[in-house]
Every structure is written in C-alpha cells, then in structure tokens.
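Tertiary structure, described
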Amino acid sequence: MTLSRYPEGRLRADDFKIETGAIPEVAEGSFLVRNLVVSVDPMLRIFIDRKPLGISSMPSLPLGATIPGAAVGEVVESRHPDYQPGDIVEGRFGWQDHAVSNGQGVNRVPRGLGGVENALGIGGLPGFTAYIGLETAGGVKPGHTFLVSGAAGAVGSAVGSLIRARGGRAVGIVGGEDKRRYLLDEVGYDAVADRLSPDFHAQLAQALPNGANVYFDNVGGPLLAEMMPYVAFGGLVLICGLMSQYQDGGAGGDRDNLPSVLHAVMGKGIRIESFSQYGRDALRPAFEAEITDLLAKRSIKPLVHIVDGLERLPQAQIDLFENSTTGKVVVRVAEAGAR
Ligand SMILES: NC(=O)c1ccc[n+]([C@@H]2O[C@H](COP(=O)([O-])OP(=O)(O)OC[C@H]3O[C@@H](n4cnc5c(N)ncnc54)[C@H](OP(=O)(O)O)[C@@H]3O)[C@@H](O)[C@H]2O)c1
C-alpha cells in the first residue's frame, strides 16, 4: 500500500494506492519477513503529510513510497546471522505483505503475549508508550490519581491496565457509553467520564474530588484546556500525543486556549512535559517482563480489533479518526499462529 497523494485535512481512501511488485532479493546481512498483522496508528497521519508537523527539517514521505507502518511478521528467508526462518519479529515493515530488513529497529516478539497481534498492542508500541509515559511521570505513587484522555484507545487502555496493576487510581475520558463500560468492567479504570455526555463535567468533578496528579493526554486540542481545572496543585500534564490535532494541522478548535492553560500553569504550579518512547529501548526488557507476567496472571486483558485484508488498511486508518473502536486496531494480512 503506497502513498498516492499528500492528504489535505481529513484522510481519504484515495490518498492510498495498492501496487504490486516482485518480492525483493535478500542481500547479505538482511532477511525477508512475511507480514502477518499490520498496524494502523494515529502518528502515521503525521508521517504522510506534505510537511510533517509543519517543520521543514522532517522529510516528507515520497509519493509512491510504501506506508511505513509497524507490523509483526515471520522470517521466511535469512542471510542475517541473528535471524532464522520461523522467527517472529516486529518492526516498521510497512503496509505490505513482504518486507526485507537489516534488523535495525526490529524486536523479537517475546513468548507469552498470546496472539501475535498483541505485539502491536499491549505488548508492543502502545504498551511500551504507556510504560515510558508512566516512567516519565515518576511512576505510579500511592494515593496519586491519573486522568487519561483517549482512554479506550490502544495507549489509553494500556495506561489504565498498568496503573491498576501497580495499585494506582485511574480516571479515564472516552467518547461513548460502550467504551465507558469496557474501561470499567474489563480494564479496571476506577472511574470513567464520557466526553459526549451532557454531564461530562459533573462526572469528572465526582471522579476527581482532589484533582488529578497527572493528566496523561493522548489527544491535545481544546480538551487539554478543558481539563486544566481538574489538574491538582503541583500536578503534571504529560503530553503523549495530539490525536485531535493530526488531521487539521494543529489548530484543534477556533478558540485560543493558551491563556487559560497558562493561567492554570501559573496559578497551580502545573508542569507540562512531553515524552517519546523512541530511543528508550534500554527499558524494553523490563517492559516485556512486566507485561508477560501480567498476562500470565490474567491481570490484564488485551483487546485487539482485527480487520482482515491489506486492502482495508486505508479505511482502518481513517476510522481511527472518524469512528474509533475500542482497543488496538490491526489489519491481518496472513494467518498467524499463537505465541
Ligand atoms: N509519545 C509517544 O511516544 C507515542 C507513541 C505512540 C502513540 N502516541 C500517541 O498516543 C495517542 C494515542 O494513540 P493510540 O494508538 O492509543 O490511538 P487510538 O487507539 O486511535 O486511540 C485514540 C483515542 O483518542 C480519542 N480521540 C480521537 N479523536 C479525538 C478528539 N478529536 N478529541 C478527543 N479524543 C479523541 C478516541 O477516544 P474517544 O473518542 O473514546 O474519546 C480514541 O480512542 C496518539 O496521540 C498517538 O499519536 C505517542
């Protein structure tokens, strides 16, 4: 699946194009992967912009290039000393059925994750993002409350699962009653507010009598300013992502919310900090050990929404923004066994 035109505003199916070609040769030091499941991710929306993040230093993806999504696949041929046919690996193999890799940025999928699709969810990038975010926030401290936006998404549900497993208190924000119930019943959020409900603010006020010590923000935009009154004195606003701003170049609303955000920052001594999971691979073994342990104890329940067929990748990516489902969304491109 390639980029056929740079998206203008909201994604369209014809921003993408299916192309066929020969399976590439495997050079010395490389291996061939047959993709099993491919990921759709909000951040891919940035990478396919004509000017990613509006900055000229970040190169845009050339038209006609394969969409560089993460995937889990099986090594089917290898001329690399560290990889053998049959190995199950995760990497940025792209929206395609086969890819050649030299091993850079590739992770071996650990045993104990259940279905291989979990290596793109709780046991992969979204789970690792949640883990690094909690590290950045200084861990889960007794008595501290986290408020999490986009809580039913891939990262948000992983954040809630980890906070619960570590004995913390988590309050989620979702759009819709089904997601609210899922977070309460399956993930173990302590309270969940529905941003689409008329009494959204009453729900938040009830759930946060002493405010949130950390606002783990996955969406940015106008919601960030709306949430500042609920952040406690000396609290932290942790910017994980700006989901609500990726489609419109960053405006995220008509109102300038900066003055009210700064007012809260100054008045309550709130810090605002961002983080990235990128470059934090030294923490990966500890992350994998915690996740596989929690899965073995059935303390966390991964939820993956599987869409079948490479040709459905564009719509699955569009749906992240237009019609989001609960949990992690992946597209299956070949049959996968259990791990
Ligand atoms: N910092 C890092 O290293 C890193 C790494 C990976 C991902 N991320 C970021 O993490 C965030 C979450 O990623 P994900 O994979 O969990 O995405 P996801 O599964 O698509 O979930 C995103 C959630 O955002 C909410 N949302 C979407 N549009 C919104 C809007 N306009 N206003 C308010 N909420 C909106 C939706 O929830 P409701 O409709 O239910 O509210 C949705 O469930 C993204 O911003 C992504 O870029 C950061």
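Residues numbered from 1 in each chain as written. Predicted model: local features only at pLDDT ≥ 70, side-chain atom pairs only at ≥ 80, totals over all residues. Heavy atoms only, no water.

As annotated in an unreviewed UniProt entry, the protein chain carries the name Enoyl reductase (ER) domain-containing protein and is attributed to Novosphingobium barchaimii LL02.

The next subject is the site of the ligand. Close to the ligand lie 25 residues, the nearest being V155, G175, R195, N218 and Y246. A distance of 2.8 Å is found between an oxygen atom of the ligand and a backbone nitrogen or oxygen belonging to N218. Side-chain polar atom of Y246 to an oxygen atom of the ligand: 2.8 Å apart, as the coordinates give it. For the ligand, whose accessible area on its own is 910 Å², the fraction buried by protein is 90%. Only helix 2 (125–136) and helix 3 (154–165) provide two or more residues apiece to the shell around the ligand. The residues that make up the shell around the ligand include at least three from each of domain 1 (2–120 + 302–332) and domain 2 (125–274). (Near = heavy atom within 4 Å. Polar contact = N/O pair within 3.5 Å; in protein donor to acceptor, adjacent residues only side chain to side chain. Areas by Shrake-Rupley, 256 points an atom, 1.4 Å probe, with all protein chains shown as cover. Helix = DSSP H or I, 4+ residues; strand = E, 2+ residues; numbered from the N terminus. Domains from an automatic or database assignment.)

Turning next to the packing of helix 2 against helix 3. Packing of helix 2 against helix 3 brings their axes to within 8 Å, and their N-to-C directions diverge by 55°. With respect to helix 3, the element helix 2 is oriented oblique. Considering the relative orientation of helix 2 and helix 3, their crossing is right-handed. Between helix 2 and helix 3, the contacting residues are P126, G127, T129, A130, Y131 and L134 on the first element and A154, V155, A158, V159, L162 and I163 on the second. (Axes fitted to C-alpha atoms, helices over the stretch in contact; angles between N-to-C directions. Parallel < 35°, antiparallel > 145°, perpendicular 65-115°, else oblique. Left-handed = near helix turned anticlockwise from the far one by under 90°. Contact = heavy atoms within 4.5 Å.)

A separate point is the nonpolar core. Ranked by size, the top nonpolar core spans 47 residues in total, and within it V72, F146, V159, L183, Y189, F216 and I291 carry the most contacts. Looking at which domains feed residues into this core, each of domain 1 (2–120 + 302–332) and domain 2 (125–274) gives three or more. For Y189, the contacting residues outside a window of four places in its chain are V148, A151, G156, V159, G160, A170, V171, G172, L183 and L184. Core analysis: the next-biggest nonpolar cluster, separate from the first, contains 32 residues, I48, A71, V75 and Y246 among them. (Core = buried A, V, L, I, M, F, W, Y, C linked by side-chain atoms within 4.5 Å. Buried < 20%, exposed > 50% of the residue type's maximum accessible area, 1.4 Å probe, protein only.)

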